[in-house]
Amino acid sequence: MLTYFTFSGLYASQRHLAFETGVFDTGVYTQPLWNYNHGRGFAVSTIEDNGPLRWATHVEPILFLIAPLYALLPDPRTLYWLQAGALTLAALPMYALARRRLQSEWVALVIVLAYFLLPATQSVTLFDFHAVTFAPLFLLSAIYFLDRALAAQNVSFWLWPEQEPPVDKASSFIIHHSSFSYALSALFFLLALSTKEDISLHVFMIGVYLLLLRRRWQEGSVLIAVGLIWFYVAFQVIIPAYRTGGGDSIYAAWFETLGNTPLEIALSPITAPDKVLALIFRPGSLPALLMITLPLALLPWAGLPLFGLAAPSLAFSLLSQNPTLRQLETWHYAAPMLAFIMLGAIDGLARVSHYATRLRLSSNSTTTPTTLHPINATNAQLPHSINSTNAINSTNSQLTVLTILLLTTSLTYHYFRGYTPLSQLFVWPEVTAHHDLGRKIAATIPPEASVLAQAQLIPYVAHREKLGIWSGPLITDYDYIWLDLSHPKLPNRFDAHGDLVIGLIYEHAFGAVTFDDGYLLLKKGAERVPIGDELFTFTQFDEIPDDAQPFKATFGDEIQLSGVKTEIPRLATSETEPQAILYFDALRQPDADYYLFVYLLDQNGDIVGATDYPQPAIFWWPTSRWQAGDRRQVRVNTIPWWTGDPSIWWNGEEKTTFGYAIGFSRVNDPWDVSARLNVTVDADQNPPGSQPIDGGTLLPIAAFHRLAGLPYPQPLTTLPLTNNQPQVAK
């Protein structure tokens, strides 16, 4: 637990220092918390169109408890450490529940380890901050104390088998007084409800489970009533009251095919089952379900009665028109499900081991054994024809085998898709001098000034009353505008950087007060001075990074490609196309402004796409300004294709292998082969498989294989590349 907590807190803090956090979802919490501590309620201006207070977007009363802590340490990293702590502490009630259900301490520890290894758990922990991440701790604690209260009455929370719950070993943490346990359970249920409005549906589901499957009328009825009442109050009273112009939650629009109001959407499985089924079985739904069950050896499916308690959040993900909700290893949307995913895994492990034991015993005896407790076979009555010791040993051996399978599956899956150093994709966020400069610039902006900032810069200027997200125009309602032209999440899609130049030319209200290494700080009313070349130093580099792939390929006789570093965006992004940083050396001053194009290669090595706008570094510092001896880096982040959608890019075919190639052209036409510069390579200093193609005018630089939505780097030899004849666009 300490290891996970420490790693998660440090990683999340490092992301913040590396400017990998953003307004969604750090700024939308730090600004309202800061405002609340300064007497302005939970005011948030970055989503003001939705409503002036946080309650217009989400109902999260737990912010009242977080605000005093944030007042003591007003820094986004305070929230990241709180989040890491809450998700780590969720392992305590999880362990206690697993030990009671499975009657094995070491198996319970494996359950906890599988929880920490789950990539969905890690993405919830590491992606910025969300109040709902406290829900797993509160829900598991509530269920633990509810189970203790029921156990005092010789009733088990678990659906099956129907028998007295096993007797726990003596522990100072066990509270046998049912009234006190009920009170603690109620407290944690209330805390869970305070984390987000839709937790009400999970509380409702727990009530239905108790009422219908456990025949606990009193407990079930209370939870059903509380869940429904809070659902109504949150969705029908609080959110409309604070929304600009009234109306339902802004997120209701994500489900418009099922209904126009939260109630219509909730009833859609009854009123429109055909639409619901069509959404559930569309592409993307199965991978989402596998993301949260395959790492746990599919055991949650065996514990379906408890895994089913995650149904509201699963429906939220599977039925939404927003595809990011199904990326459960990338965003935070698995947070409300985690408690029930793990309860399902615990119950599934118990059930499968029970049936495996029964099957083994029945195969060794002509007498069918009676129902056994899935783990503690000593509590069961065995027929005289079956040796009790053999039954116990068989049960323990089956549990051991399944537990080893769970651990092996979790570790293997984590190796391919996790976020820790145990994963092949692990990357520690790099904090550079550029990021240090950004923090210094943020400190120069007066706290009382209003700021319009790029989304990724907002966490550093969020402690102010008026704050806006820059989306292109230079809006004169703000005192300052702050941008980072070099940020990986500021592509030049649809000529966004060109529009910025037009704004800088024609909007005379602002003058540049800082322009350095890609950072541009504009101040309203400041003197308009020429922007110096210091702004464009982000295009320079001194040494090729150790983790870059060396190249030696010359375009014409002017530009040499010396290295390529590929990056695969994963956390908190829908842009899963690999990016690349290209490292060039100018052998002499180029004769003209050459156009750098990046080409998409399919699994056959055929060219199927090309970039349509210049990459930011080339836009701001074109090749005509390169001097002999210059070392220039170009980040490829303006990519018009989406290889994850076969219906768009592969003509409906399932093609999972693809690659990138680059070329320089004298004209702004990626398909004019005659206008491209010829490429010559030094085979000894290039990676295998990197030889010029398309008439010797393009150079393949990287190959990838997409597995379950995630691209993995592959050797260039994966693609059947040849120096083929010139191709045309497809």
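The residue numbers shown here count from 1 along each chain, following its written sequence. Given that this is a predicted model, residues contribute local features only at a pLDDT of at least 70 and side-chain atom pairs are listed and counted only at 80 or more, while totals for whole chains, interfaces and linings are drawn from all residues. Note that the side-chain values use all heavy atoms of the structure and ignore hydrogens as well as water.

S.K.: Lay out the overall build of the protein chain with the relevant residues and their values.
M.R.: We count a stretch as a helix when DSSP gives it H or I for four or more residues in a row; a strand needs E for two or more, and each element gets its number in order from the N terminus. The number of helices and strands found in the protein chain is 24 helices and 15 strands. A compact globule built from 730 residues would reach a C-alpha radius of gyration of about 27 Å, and the protein chain, at 29 Å, matches this within 12%. A principal-axis box enclosing the C-alpha atoms of the protein chain has dimensions of 95 × 65 × 50 Å. Think of it in three bands: with a 1.4 Å probe and only protein chains considered, a residue is buried below 20% of the maximum accessible area for its type, exposed above 50%, and partly exposed in between. Buried positions account for 58% of the 730 residues belonging to the protein chain. Throughout, a residue-residue contact means that at least one pair of heavy atoms, one from each residue, lies within 4.5 Å. Across the protein chain, every contact between residues at least 6 apart in sequence was considered, and the portion connecting residues at least 24 apart equals 69%. Here the protein chain holds 43 positive side-chain charges and 60 negative ones, and the gap between their average locations is 9 Å. Computation of the radius of gyration draws on C-alpha atoms, with the globule rule given as 2.2 Å multiplied by the number of residues to the power 0.38. All tallies of charge rest on Lys and Arg as positive and Asp and Glu as negative; His and the ends of each chain are not included. The atom standing in for a charge is NZ when the residue is Lys, CZ when it is Arg, CG when it is Asp and CD when it is Glu.

S.K.: Please provide a residue-by-residue account of the sheet that holds strand E1 (residues 451-453), values included.
M.R.: The strand order E2-E1-E3-E5-E4 describes an open sheet built from 5 strands, whose pairing is mixed. If you trace the sheet from one side to the other, it starts and ends with strand E2 (467-469) and strand E4 (510-516), each paired once. Averaged over all neighbouring strand pairs, the angle between strand axes comes to 20 degrees, with direction disregarded. Looking at chain direction, E4 and strand E5 (residues 519-524) are connected through 6 bridges and run antiparallel. Along E5, the bridge assignment pairs Thr514 with Leu521. Two strands pair under a simple rule: DSSP has to find at least two bridges between them. With axes taken as lines fitted to C-alpha atoms, and helix axes fitted only over the stretch in contact, angles between N-to-C directions fall between 0 and 180 degrees.

S.K.: Go over the confidence of the model for the protein chain with me, naming the residues and quoting the values.
M.R.: The predictor's confidence in any single residue is recorded as pLDDT, a number from 0 to 100. Looking at the protein chain, pLDDT values average 89 and 90% of them are 70 or higher. Per-residue pLDDT stays below 50 along residues 366-386; that stretch engages in 59 contacts with residues further than four places along the chain or on separate chains. Note that pLDDT drops below 50 for residues 725-730; the model gives that stretch 14 contacts with residues more than four away or on any other chain.

S.K.: So what's going on with the environment of Leu150? Residues and values would help.
M.R.: Within the fold, Leu150 resides in helix H8 (residues 135-151). C-alpha of Leu150 to C-alpha of Tyr182: the two residues are 32 residues apart in sequence and 8.8 Å apart in space.

S.K.: Give me the lowdown on the packing of helix H4 (residues 76-89) against helix H5 (residues 91-102), citing residues and values where you can.
M.R.: Closest axis-to-axis distance for the H4/H5 pair is 5 Å, and the angle between their directions is 5 degrees. By the angle class used here, H4 and H5 are roughly parallel. Contacts between H4 and H5 involve Leu87, Thr88 and Leu89 from the former and Ala91, Leu92 and Pro93 from the latter. Residues are grouped as follows: nonpolar covers Ala, Val, Leu, Ile, Met, Phe, Trp, Tyr, Cys and Pro; charged covers Asp, Glu, Lys and Arg; every other residue, Gly included, is treated as polar. Residues that form the contact of H4 with H5 fall into these classes: 5 nonpolar, 1 polar and no charged. Angles below 35 degrees are treated as roughly parallel, those above 145 as roughly antiparallel, those between 65 and 115 as roughly perpendicular, and all remaining angles as oblique.

S.K.: Tell me about the nonpolar core, residues and numbers included.
M.R.: Among buried residues, the Ala, Val, Leu, Ile, Met, Phe, Trp, Tyr and Cys ones that are joined through side-chain atoms within 4.5 Å form a nonpolar core. Membership of the largest hydrophobic core comes to 130 residues, with the highest contact counts inside it found for Ile111, Leu139, Ile206 and Trp482. It is H8 that contributes the most residues to this core, 11 residues altogether. Contacts of Ile111, omitting those with residues within four sequence positions, involve Met94, Ala98, Leu102, Met342, Ile346, Leu349 and Leu406. Counting 52 residues, the second largest nonpolar core, distinct from the first, contains Leu474, Ile481, Phe551 and Val598.

S.K.: Please set out the pairing of strand E7 (residues 559-567) residue by residue, giving values where relevant.
M.R.: Along E7, 7 of the 9 residues are buried, which leaves the element largely enclosed by surrounding structure. In this structure, strand E6 (residues 549-555) lies alongside E7, joined through 5 bridges in antiparallel fashion. Paired with Phe555 across the strands is Ile559, a residue of E7. Where E6 folds back on E7, the antiparallel hairpin that results is connected by 3 residues, among which Gly556 adopts a positive phi of roughly 65 degrees. Where E7 meets strand E8 (residues 579-586), 8 bridges bridge the pair, whose relative direction is antiparallel. Each residue of the ladder has a partner; that of Thr566, found in E8, is Ala580.

S.K.: Mind laying out the packing of aromatic side chains, listing which residues take part and the relevant values?
M.R.: Ring geometry is summarised as follows: Phe, Tyr and Trp rings, the Trp one being its six-membered ring, pair when their centres sit within 6.5 Å, and such pairs are stacked at plane angles under 30 degrees, edge-to-face over 60 and tilted between the two. By the definition in use, this model includes 47 aromatic pairs. For the ring pair Phe658 and Tyr660, a centre distance of 6.3 Å and an interplane angle of 50 degrees mean the geometry is tilted. When its relative accessible area of 1% is taken as the criterion, Phe658 is described as buried. Take Tyr660: its relative accessible area is 1%, and that puts it in the buried class. Three or more aromatic residues joined by ring pairs make a cluster, and in this case those are Tyr29, Phe129, Phe134, Phe138, Tyr144, Phe145 and Phe188. The positively charged end of Arg54 is found above the aromatic ring belonging to Tyr29, 4.3 Å away from the centroid. Note that Lys466 overlies the ring of Tyr478, its terminal NZ or CZ placed 4.9 Å from the centroid. Consider the ring centre and the ring normal. A charge sits over the ring if Lys NZ or Arg CZ is within 6 Å of that centre and within 35 degrees of that normal.

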